[in-house]
Amino acid sequence: PTRAALLERVGRAAREGPGDDWLLGFNYDNTLFADGRHPTRDELDRVAAGRPVWLRHGSGHMGVASSRALVELGIDESVRPPPGGAFGRDAGGRLDGLLLERAAPSLARVLEDVAWRRLPGVLFRARDAYLAAGVTTVQNGHAGVWLARALRWAQRLGWLPQRVVLWPADPGENGSAFDGAFAPRDAGYRFRVGAVKLIADGSPQGLTAWLSEPYAAAAGRPPGYAGMPTMPVATLHARILLHHLAGRQLALHGNGDAAIEAILDGVAAAQAARPREDARHVLVHAQTARRDQLARAAALGVTPSFFVGHVFHWGDWHRRRALGEARAASVSPTGWARELGLRHSLHADAPVTPMDPLAMVRIASERLTRSGVALGPEQRLSRLEALRAVTIEAAWQSRLEGSVGSLEIGKRADLVVLSEDPLAAPDLSAVR
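Only a predicted model underlies this, so the values are computations on that prediction, with no experimental measurement involved. (Residues numbered from 1 in each chain as written. Predicted model: local features only at pLDDT ≥ 70, side-chain atom pairs only at ≥ 80, totals over all residues. Heavy atoms only, no water.)

Caption draft 1: Broad picture of the overall build of the protein. Scanning the protein for helices and strands turns up 16 helices and 13 strands. Relative to the compact-globule value of 22 Å for 432 residues, the protein shows a C-alpha radius of gyration of 21 Å, a close match. Its C-alpha atoms put the protein at 60 × 50 × 50 Å along the principal axes. Buried residues in the protein amount to 50% of all 432 residues. A sequence separation of at least 24 residues applies to 70% of the contacts in the protein between residues at least 6 apart. Of the roughly 19500 Å² of accessible surface on the protein, 55% is carried by carbon and sulfur atoms. Of the side chains in the protein, 52 bear a positive and 45 a negative charge, and the two mean positions are spaced by 3 Å. (Helix = DSSP H or I, 4+ residues; strand = E, 2+ residues; numbered from the N terminus. Rg over C-alpha atoms; globule rule 2.2 N^0.38 Å. Buried < 20%, exposed > 50% of the residue type's maximum accessible area, 1.4 Å probe, protein only. Contact = heavy atoms within 4.5 Å. Areas by Shrake-Rupley, 256 points an atom, 1.4 Å probe, with all protein chains shown as cover. Lys, Arg positive; Asp, Glu negative; His and termini not counted. Charge placed at Lys NZ, Arg CZ, Asp CG, Glu CD.)

Below you can see the structure in the form of structure tokens.
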């Protein structure tokens, strides 16, 4: 993939869809470009004929806007980024179109400009992709009220045959996400309101995960740059405490070890205020978690869900650019979790990477990068351990262990037919 090919595709979309509508693109990945540079607003302006364009980065934590899109979003040189966000700038200090973290528009905001009649088709494509991958219980990891209602109605209408686990987005200090939209009367094993999602930092491939030590010099950031929290630590701790005291489960997004430390401090304070034996709070992604932090998580009853696809998709980027060899070797440290007896799951963070549970099993058991380098082989799981992490442990983290996750008498019998035994197949990537 090249930046030139990306820009050509944007230009083709502008030519094939005449008019003045927004052009929305998803999942570009600058780490695959030779120089690692994002496209710029000027490049988008040249190919999109003045249209508002928003290209959402594959991490979901940032994106690039054309000049017209910046105007539509109310962003100009006089605007300061919100706390927990940042604007990219060129060598002359001018906005270059890159909007990071809380400075980037939410997906809900950009979808406001998409005709509603097109959204069911998007849902059907996602549904079928998950079904083709053998996924019978699906999860939305950061749902607002409108999306929660849309998913529930899609299920009621028979458009969505899978079970749904919903993680409502924390509404912040000025809102309430618990007004009935997240508590349908017929909630149960078919539609479950799960953990409340809080996001403490960004992504390591996007260089916004909050680290305790700076990014590697090769990352191209100023000396001492270590990423950023997406909210003040005091705010994070206050939100954790509020939901913990209310008896809710929490899904706490932490990629960088500094963010993970802040999360664990918040959970420790909440547990000190009101001990809960089985709070089952989930540490989401846990990319650069240290061994001592996983031990602390075990003591606090926090369970990680590792985004193990980083090993394959961005392992080389982490080695060469973002983290350096030593830290890259312990991304997604599933081996440490196993040694500590810490229950954990694996996830794809789709659409950041494709929904493919067998690919997660393969990556966790092989730990090979795109270039074929073994990245932290001591962190490997066995195939059986990895298969358990995408079935039994995932169901347990969602408090569905009594009905799904394994084939046992009394549970729901979701049968997925595979072309080969995944524990014995010579090549897991060939299993269908």
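Now that the structure is up, let's keep going.
Caption draft 2: Structural detail: the packing of aromatic side chains. Per the counting criterion, the structure on display carries 3 aromatic pairs. When the ring of Phe124 is compared with that of Trp159, the centres are 5.5 Å apart and the planes differ by 85°; the resulting orientation is edge-to-face. In this pair, Phe124 sits in helix α5 (residues 119–132) while Trp159 sits in the loop between α6 (145–156) and β7 (163–168), placing the two residues 35 residues apart along the sequence. For Phe124, a relative accessible area of 27% translates into the label partly exposed. Ring centres 6.0 Å apart and planes at 80° place the aromatic pair Phe307 and Trp314 in the edge-to-face group. The class for Trp314 is buried, based on a relative accessible area of 4%. Directly above the aromatic system of Trp153 lies the positively charged group of Arg156, at a separation of 4.8 Å from the ring centroid. (Phe/Tyr/Trp six-rings, centres within 6.5 Å; stacked < 30°, edge-to-face > 60°. Lys NZ or Arg CZ within 6 Å of the ring centre and 35° of its normal.)

Caption draft 3: Focus on the pairing of strand β2 (residues 53–57). With 5 of its 5 residues buried, β2 lies for the most part within the structure. Side chains Val53, Leu55 and His57 of β2 all project onto a buried face; the interleaved residues Trp54 and Arg56 project onto the opposite face, where all are buried too. Pairing between strand β1 (residues 23–28) and β2: 5 bridges, direction parallel. Paired with Tyr28 across the strands is His57, a residue of β2. Across 3 bridges, the pairing between β2 and strand β3 (residues 62–65) is antiparallel. From the neighbouring strand, Arg56 faces β3, where its bridge partner is Gly63. In textbook terms, the turn of a hairpin is the stretch between consecutive antiparallel strands, and for β2 and β3 this stretch comprises 4 residues, one of which, Gly60, has a positive phi near 80°. (Pairing = 2+ DSSP bridges.)

Caption draft 4: Here's a closer look at helix α2 (residues 41–48). Every buried residue of α2 is listed here: Arg41, Glu43, Leu44 and Ala48. In a view along the axis of α2, the buried residues occupy a sector of 160°, so they form one face of it. Following α2 by one or two positions, Ala49 has its phi on the positive side, about 50°. (Arc of directions from axis to C-beta.)

Caption draft 5: Quick peek at the packing of helix α1 (residues 3–16) against α2. Where α1 meets α2, the closest approach of the two axes is 8 Å, and the angle between their N-to-C directions is 40°. Our classification of the angle between α1 and α2 gives oblique. The two elements α1 and α2 meet at a crossing, and its hand is right-handed. Where α1 approaches α2, its residues Arg3, Leu7, Val10, Gly11 and Ala14 are matched on the opposing element by Glu43, Leu44, Val47 and Ala48. (Axes fitted to C-alpha atoms, helices over the stretch in contact; angles between N-to-C directions. Parallel < 35°, antiparallel > 145°, perpendicular 65-115°, else oblique. Left-handed = near helix turned anticlockwise from the far one by under 90°.)

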